[in-house]
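# Breakdown of the fold
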Amino acid sequence: MTAKLYGLRIDLPGMWTDGWLYKDHLILWSRTGQMHVTPLKELVAAVRKKLDRTSLYAIADYLIFRNDWKASEQFERMRSIPGVELAFISQFDAAAEHIVVQVDGVDQVPVGGHQVPGVVLDAAIYANRIYVGSTDGLFETRFNPNVPHANEPLIEQLVDKKVRSVNAWYSVVNSSAGEDGLLFSRMNFDEVRSWWDVKPHFEKVADFSRGSSFADVNLLNYTDDAFPIFMHSQVKELAEGKPEDQESDRRQVTGYSGTTAIGELIKSFLKPRGSVYGTALFDDPGEGRIAVLGNSGNRMLVNWNNSLRVLDLSLGEGKGLSVRRDRDLGNVSVPIDPLDVLDTYPFGKGFLLELPDEVRLINSQGSFSLLGEPVAQIRTFPRSRRHREVILLVRENGVSLLGYYIA
Amino acid sequence: MTLSGSPDEGARTCHQLGAPADSGILYEACDGVSLYKSMDVHRSASGTRHQKSIWVQDLSRADECHVFCEAKLEEWSDKNGDCWSIAKENQYYGTRREKVAFFDAPNNSTDPWHGYPVGKNGLPIRRWPPGELLQLWLDSERISFATFKRLNREVM
């Protein structure tokens, strides 16, 4: 039987350009670069006022506000009781695609008093540090979930560079600045002075970068080529009793020790055995017939001769890099022209695909359309316990939070 | 693709000059002064050793010139004097989903202009319209905010 996706979508009006869910707060940036903060409990209250029955409160909690409940063993056990899952999905109207809740009147309070210059292109939040990449540079501010509307300064950390992608994890920030390279900086957790007085040191670790993404603790750097470059991380394990404002992973990246080109690895794995074709068929990355479109951890989404494949990349100790077909997604049929894939996002054990007029989820249960319109920005939270399967969508006239259940 | 609905119908007055020659077709452009050459290498993938971006088939060569004309008349240019155009929503200029066209200013004013689609799926040529032009297209509602953001993110 074909799996069906049941969605809940919360729509918030406004002219937004990016957003995050972080430590029980919704953080949004306006199109002028102004940051706004809303405690999630206020959003929960506003949503409940709009729901016409209390059973939907649980739906909203499981699908959007408390994904940790959805992923819990307790919920899994409950679902195994005959009738429980049916009762859960009976809350969804069979005729409608999603339950949609339009929420007005939630205060999105501007904080900081500073507007990020330029056009906001990406944002990353880690250990209460907020990094925003824009057409004008990389900017940093801080967020205290206990005092969410505190006015922290906005500090320009990289000047005169178009920072199109930022990621922050393992106590480092990687900023992709196109022809200005991939810039790496370690976070300083031993601050004795005011944080804004401590200028971080940026090291250029690649000459060109359109974006980067962690594959476990290593990094894939995406350039103009068909395949990203695998960057081997140097890692330090933190001692017990880590500083309280660090995130849960105890590993810290301290640098990158070398790179590996993965193109030949992928081509030799996917090339048909005993193929009569010469290498010329595969040796033209600019044609777009073969390329890595993105990764979700160690899973790579690959355009292989105009069809999509999912491969796993692994780095065995003492064995080097290897590639194999993904066990969960290796056989999922994805009827999408790879040329239509604008961007990909890690999402659970699958991917979100940004298409010209659609947002689509692909995972081991199939391929599902989530929204049938163009979006300006997609944000996922793969490392969040509470929002791991929530999508934040920046739309033409608002922002939506979308959660789902597949049965 | 036609430019009907274009803000200036008078833009559609490219005149072909003679038969195809020198790997292209020459036009007198809308301003009556500029020359525009539709290059064969940007009309078909065959006949060229090096990869080139290709105009979509339903955009005629004359309309290719009209796209250039609109860009010139609207003054969609950068600091180098090159011109740019953006396809309307739900339309593409290039066979690889390119929505932007780039027109290379000739070195001499008597030489013809020529242009081609550019985009993320295209060639590894790092051409991208300047931010000011993207903002102008957004402010004049030529593009949606989603397209504006995507172009700034360089994902289309």
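Residues numbered from 1 in each chain as written. Chains lettered and ligands numbered in written order. Predicted model: local features only at pLDDT ≥ 70, side-chain atom pairs only at ≥ 80, totals over all residues. Heavy atoms only, no water.

### Overview of unusual backbone geometry
Residues and elements named next belong to chain A.
- The phi dihedral of Asn128 falls on the positive side, at around 65 degrees, and the residue is not glycine.
- Positionally, Asn128 belongs in the loop between strand 7 (120-126) and strand 8 (129-134).
- In this structure, Asn305 is a non-glycine residue whose phi angle is positive, near 50 degrees.
- Relative to the assigned elements, Asn305 resides in the loop between strand 20 (299-304) and strand 21 (307-316). (Helix = DSSP H or I, 4+ residues; strand = E, 2+ residues; numbered from the N terminus.)

### Observations regarding the state of the cysteines
Residue and element names in this part refer to chain B.
- This structure, assessed with the given rule, holds two disulfides over all chains.
- Disulfide partner of Cys14: Cys65, at an S-S distance of 2.1 Å. Its S-S torsion of about -80 degrees marks the bond between Cys14 and Cys65 as left-handed, since a negative value means left-handed. With Cys14 in the segment before strand 1 (15-16) and Cys65 in helix 1 (residues 61-73), this pair connects stretches of sequence that are 51 residues apart. Judged on exposure class, the residue Cys14 and its partner Cys65 are both buried.
- A sulfur-sulfur separation of 1.9 Å characterises the disulfide bridge that pairs Cys30 with Cys69. Its S-S torsion of approximately 100 degrees makes the covalent link between Cys30 and Cys69 right-handed. Of this pair, Cys30 sits in the loop between strand 2 (24-28) and strand 3 (35-39) while Cys69 is found in helix 1, placing the two residues 39 residues apart along the sequence. Each member of the pair, Cys30 as well as Cys69, carries the same accessibility label: buried. (Disulfide = S-S within 2.5 Å. Buried < 20%, exposed > 50% of the residue type's maximum accessible area, 1.4 Å probe, protein only.)

### With respect to the nonpolar core
- Counting 93 residues, the largest nonpolar core has Ile27, Trp29, Leu43, Val47, Phe65 and Val103 of chain A together with Phe103 of chain B as its most contacted members.
- It is helix 2 (residues 55-65) of chain A that contributes the most residues to this core, six residues altogether.
- Setting aside its immediate chain neighbours within four residues, Phe65 of chain A contacts Ile10, Leu40, Leu43, Val44, Val47, Ala60, Arg386 and His387 of chain A. (Core = buried A, V, L, I, M, F, W, Y, C linked by side-chain atoms within 4.5 Å. Contact = heavy atoms within 4.5 Å.)

### Quick look at the sheet that holds strand 18 (residues 251-261) of chain A
Residue and element names in this part refer to chain A.
- Reading across the sheet, the four strands line up as 15-16-17-18 and stay open at both edges, with antiparallel pairing between neighbours. Looking along the sheet, the strands with just one partner apiece sit at the ends: strand 15 (211-215) and strand 18. Mean inter-strand twist for the sheet, computed between neighbouring axes without regard to direction, equals 25 degrees.
- As paired strands, strand 17 (residues 229-237) and strand 18 are joined by nine bridges and run antiparallel to one another. Bridge assignment links Glu237 to a residue of strand 18, and that residue is Arg251. (Pairing = 2+ DSSP bridges. Axes fitted to C-alpha atoms, helices over the stretch in contact; angles between N-to-C directions.)

### Thoughts on the packing of aromatic side chains
- With the rule as written, the count across this model stands at 25 aromatic pairs over all chains.
- Relative to Tyr405 of chain A, the ring of Phe88 of chain A has its centre 4.9 Å away and its plane inclined at 55 degrees; by these criteria the two rings are tilted. Note that Phe88 of chain A is positioned in helix 5 (residues 84-89) and Tyr405 of chain A in strand 29 (residues 398-406), a separation of 317 residues in sequence. Neither Phe88 of chain A nor Tyr405 of chain A differs from the other in exposure class; each is buried.
- Between the aromatic rings of Phe184 of chain A and Tyr256 of chain A, the centroid separation amounts to 5.1 Å while the plane-to-plane angle is 70 degrees, which identifies the pairing as edge-to-face. Taken together, the residues Phe184 of chain A in strand 13 (residues 182-186) and Tyr256 of chain A in strand 18 connect sequence positions 72 residues apart.
- For Phe184 of chain A, a relative accessible area of 3% corresponds to the buried category.
- Among the residues examined, Tyr256 of chain A registers a relative accessible area of 15% and is labelled buried.
- Among the aromatic residues, those joined into a cluster by ring pairs are Tyr36, Trp55, Phe68, Tyr93, Phe103 and Trp113 of chain B.
- The residue whose ring lies beneath Lys70 of chain A is Tyr404 of chain A, and the NZ or CZ to ring-centre distance is 4.2 Å. (Phe/Tyr/Trp six-rings, centres within 6.5 Å; stacked < 30°, edge-to-face > 60°. Lys NZ or Arg CZ within 6 Å of the ring centre and 35° of its normal.)

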